[in-house]
Amino acid sequence: MKPLIRNALAFAAMASVMAGGALAQSAVEGAIKARKAHMQLQAFNLGPLGAMAKGEMPYDAAQASAAAGNLAALVSMNMGRYFPEGSAQGQAEGTRALPAIWENGEDVMAKVAALNEAVTALNATAGTDLASLQGAMGAVGEACGACHKAYRAPE
Amino acid sequence: MRRLFALAVALVVAGGGTGWLLTAPKRLPEAALAGLEGDAGRGERIFLAGGCASCHDAEGAEGEARLVLSGGRRFPSDFGTFLAPNISPHPEAGIGAWSFADFANAVMRGVSPEGQHYYPAFPYTAYARAEPQDIADLWAFLLTLPPDATPSQAHEVGFPFSIRRSVGGWKLLFFATDWAVAEVPTPEAERGRYLAEALGHCGECHTPRGALGQLELSRWLAGAPNPTGRGTIPNLTPAKLEWSQSDIAGYLKTGFTPDFDTAGGHMAEVVQNLSQLPDEDRAAIAAYLKAVPPAN
């Protein structure tokens, strides 16, 4: 092979690896952004529910139902693409997601299922009355916390 | 730090007989325990507030398994790694063969039934402020839990900390039963102080430590590095914690911060315990935290 062609091929190979790397990196960044945004949406919808439960805001059945309904929709979404390989803390910037997430898929799914169950229960009763809402919030907090405790690094 | 400690040990040895006497384990006066009858029903509340399961259950235990106090969790520190012992009511592997006096002296004075000092990784420095009646109730409750035959494991502590008698010197310097926050404004905050300082032992993680591992009382609850080496444990004084009383009480019930983030790490387990207490107890802890002197 002529040196010129060899060099050109090597360059092309190198360029494609670099482009691939850049693409993978932006995919990872996008996924981290997306999963954080998803958490943000969940937190936003928990806002009125928590404020009512704590007595900081008068109970309003319609608002409670709306927020709980949004939350139920959010937790039922498939989050698979939020966690691509290479997006753990230590592999990518700006994330506290622990590598254990990728090692314990079954347990992660069990915790997601528990969250779905808790939010389904909340959604079923949030619009009934304040006591029902308060009663259902604890399990939701516990389900959120169970995953954060096991799979998120401390700040 | 190791050198300082060796010096302290050397001083004790040089002190000879006096040092030996001063570092001897001190048990509770018998009168403090006389006539106490424990109530297991009331003891559950003490058990939850005291967070016993968060150290003494098996790592990763969930649900009912958190009541099996088989021990084995590891607690790294500057002085070595401490392994939580089995405190289930098993007669050989656990503490089922103990008397109530044995238990009270362990919990409130850090003295084993054999008359040995416990390392202060076991927060008896906090429990020392508890009401003996509460400890009697706790003992009654612990005896109702499932026995487990898992043997306790030895702590991984090197010289000179491996000399148990040296803990006597440490106690001489740092063991005290007065409140960290001397003045609180209301009976509610006073109840909160009891829950936070005596039972909940919040200061063990949230207060920075000095060279000998003692809590720096002038910076009570001002936050500290995480002994696991990852991250920091937050400042709970009004200098940093700006949550309202209902925010704090709500957090201790559901684990949700005012922004709807959640408690992580060891605090998630604390919330798991405290969420089972009556509302007034969480409100009391919140009232106390509002009354803690601001510190950075």
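Residues numbered from 1 in each chain as written. Chains lettered and ligands numbered in written order. Predicted model: local features only at pLDDT ≥ 70, side-chain atom pairs only at ≥ 80, totals over all residues. Heavy atoms only, no water.

K.L.:
What's the story with the overall build of chain A in this structure? I'm lost.
P.N.:
In terms of regular secondary structure, chain A is built from five helices and zero strands. Going from N to C terminus, chain A has its helices and strands arranged as α-α-α-α-α. Burial analysis of chain A (155 residues in total) assigns 32% to the buried set. Here the contacts in chain A between residues at least 6 apart in sequence split such that 68% fall between residues at least 24 apart. (Helix = DSSP H or I, 4+ residues; strand = E, 2+ residues; numbered from the N terminus. Buried < 20%, exposed > 50% of the residue type's maximum accessible area, 1.4 Å probe, protein only. Contact = heavy atoms within 4.5 Å.)

K.L.:
I would appreciate a short explanation of the overall build of chain B in the present structure.
P.N.:
On a plain count of helices and strands, chain B comes out with 13 helices and four strands. Taking 19 Å as the expected radius of gyration for a compact globule of 296 residues, we find that chain B reaches 19 Å, a close match to that expectation. For chain B, the spread of C-alpha atoms along the principal axes amounts to about 55 × 40 × 35 Å. Going through the 296 residues of chain B one by one, you find that 49% of them count as buried. In chain B, 64% of the contacts between residues at least 6 apart in sequence involve partners at least 24 apart. Of the accessible surface of chain B, which amounts to about 13600 Å², a share of 58% is contributed by carbon and sulfur atoms. (Rg over C-alpha atoms; globule rule 2.2 N^0.38 Å. Areas by Shrake-Rupley, 256 points an atom, 1.4 Å probe, with all protein chains shown as cover.)

K.L.:
Just to check I follow, could you spell out the pairing of strand β2 (residues 80-83) of chain B for this structure?
P.N.:
Residues in a regular strand project their side chains so that they alternate between the two faces of the sheet. All names here are of chain B. Direction of pairing for strand β1 (residues 74-77) relative to β2: antiparallel, over a ladder of four bridges. The residue bridging Arg 74 from the neighbouring strand is Leu 83, located in β2. What sits between the antiparallel neighbours β1 and β2 is a turn of two residues. (Pairing = 2+ DSSP bridges.)

K.L.:
In this structure, what is going on with helix α9 (residues 187-199) of chain B? I would like to understand it.
P.N.:
The α-helix advances 3.6 residues per turn, and as a result positions three or four apart in sequence lie on the same side. All names here are of chain B. In this model α9 runs 17 Å from its N-terminal to its C-terminal C-alpha over 13 residues, within 8% of the 18 Å that 1.5 Å per residue would give. For α9, the full list of buried residues reads Ala 189, Gly 192, Arg 193, Tyr 194, Leu 195, Ala 196, Glu 197, Ala 198 and Leu 199. Where α9 is buried, its residues meet α3 (40-50), α6 (124-127), α7 (132-142) and α13 (279-291). (Expected span 1.5 Å × (residues − 1).)

K.L.:
Quick question: what am I supposed to make of the interface of chain A and chain B here?
P.N.:
One widely used convention gives an interface's size as the accessible area the parts lose upon coming together. Of the residues lining the interface, 21 residues belong to chain A; the matching set on chain B comes to 22 residues. Taken together, the two surfaces of chain A and chain B that pack against each other cover about 1600 Å², and 55% of this comes from carbon and sulfur. Taken together, chain A and chain B are joined by two salt bridges. The closest approach of N and O atoms between Lys 54 of chain A and Asp 247 of chain B, which form a salt bridge, is 2.9 Å. (Buried area = accessible area lost by both parts, 1.4 Å probe. Salt bridge = Lys/Arg side-chain N within 4 Å of Asp/Glu carboxyl O.)

K.L.:
Even after reading the chapter, I still don't get the nonpolar core, so can you show me in this structure?
P.N.:
The tendency in soluble globular proteins is for nonpolar side chains to be buried as a group. Ranked by size, the top nonpolar core spans 53 residues in total, and within it Phe 47, Phe 103, Ile 135, Tyr 288 and Leu 289 of chain B carry the most contacts. Counting residues per element, the ones that place at least two in this core are α3, α4 (52-56), α5 (100-109), α7, α9, α11 (245-254), α12 (265-274) and α13 of chain B. Apart from residues no more than four positions distant in its own chain, Tyr 288 of chain B is found in contact with Val 181, Val 184, Ala 189, Gly 192, Arg 193, Ala 196, Glu 197, Trp 220 and Leu 221 of chain B. The next biggest cluster of nonpolar side chains, apart from the first, holds 24 residues, and it includes Ala 53, Leu 71, Leu 122 and Cys 144 of chain A. (Core = buried A, V, L, I, M, F, W, Y, C linked by side-chain atoms within 4.5 Å.)

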